[in-house]
Amino acid sequence: NTTHFTHYAFDAGAKMPLSNGLSLDIGARYRNAFDSAESYRSTRYHAMFLYDVDQHNTVGLRYARSYSDVSDYEERKSWRVHYQRSY
């Protein structure tokens, strides 16, 4: 796509500890274009389990579900593996 346009996104989420080293991250994102001529609206919800291997390394598994009405209704489901290294 060679069309350029400006969009905005709102993200909200929370991370809740479940036990020592294990936590749950949940959140949502809403995204849309400033220009009403561009159909660029989508909503995504996610849930992710995170495990702190040690004070520097975290691993996780994330499930996300996205909805979009760009020209036609579209729904996506995805799983992602997460790794984070903190210094």
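Everything that follows concerns the structure shown earlier in this document.
Residues numbered from 1 in each chain as written. Predicted model: local features only at pLDDT ≥ 70, side-chain atom pairs only at ≥ 80, totals over all residues. Heavy atoms only, no water.

### A closer look at the sheet that holds strand β2 (residues 22–33)
Inclusion rule: Strand pairing requires that DSSP identify at least two bridges connecting the strands. To qualify as a helix, a DSSP run of H or I must reach at least 4 residues; to qualify as a strand, a run of E must reach at least 2; elements of each kind are numbered from the N terminus. Lines fitted to C-alpha atoms define the axes here, with helix axes fitted over just the stretch in contact, and angles between the N-to-C directions of these axes take values from 0 to 180 degrees.
The strand order across the open sheet built from five strands is β1-β2-β3-β4-β5, with neighbouring strands paired in antiparallel fashion. The open sheet has two edge strands with one neighbour each: β1 (7–19) and β5 (74–85). Geometrically, the sheet is characterised by an average inter-axis angle of 15 degrees between neighbouring strands, direction not taken into account. Relative to β5, strand β4 (residues 57–68) runs antiparallel, the two being bridged by twelve bridges. Its bridge partner lying in β5, S66 is registered against R76.

### A short note on the pattern of salt bridges
For clarity, the cut-off: For this analysis, a salt bridge means a side-chain nitrogen from Lys or Arg found within 4 Å of a carboxyl oxygen belonging to Asp or Glu. Think of it in three bands: residues with accessible area under 20% of the maximum for their type are buried, residues over 50% are exposed, and the middle band is partly exposed, with areas taken using a 1.4 Å probe on protein chains only.
According to the stated counting rule, one finds two salt bridges in the structure shown. For the salt bridge of E75 with R65, the shortest nitrogen-to-oxygen distance reads 2.8 Å. One end of the pair, E75, is in strand β5; the other, R65, is in strand β4, and ten residues separate them in sequence. On the basis of relative accessible area, E75 is assigned to the partly exposed category, the value being 34%. Residue R65 is classed as partly exposed on the basis of its relative accessible area, which comes to 29%. R76 is the salt-bridge partner of E74, the closest N and O atoms lying 2.8 Å from each other.

### Examining the side chain of R29
Formally: His residues and chain termini do not enter the charge count, which takes Lys and Arg as positive and Asp and Glu as negative. Here a residue-residue contact requires only that any non-hydrogen atoms of the pair lie within 4.5 Å.
Within the secondary structure, R29 sits in strand β2. Salt bridges are absent for the buried R29, whose nearest opposite-charge side chain, D11, sits at 5.1 Å. In contact with R29, other than residues within four places in its own chain, are A9, F10, D11, S42, T43 and R44.

### Side note on the side chain of S42
Among the secondary structure elements, S42 is positioned in strand β3 (residues 42–52). With residues up to four places along the chain from it excluded, the contact list for S42 reads R29, Y30, R31, Y67 and S68.

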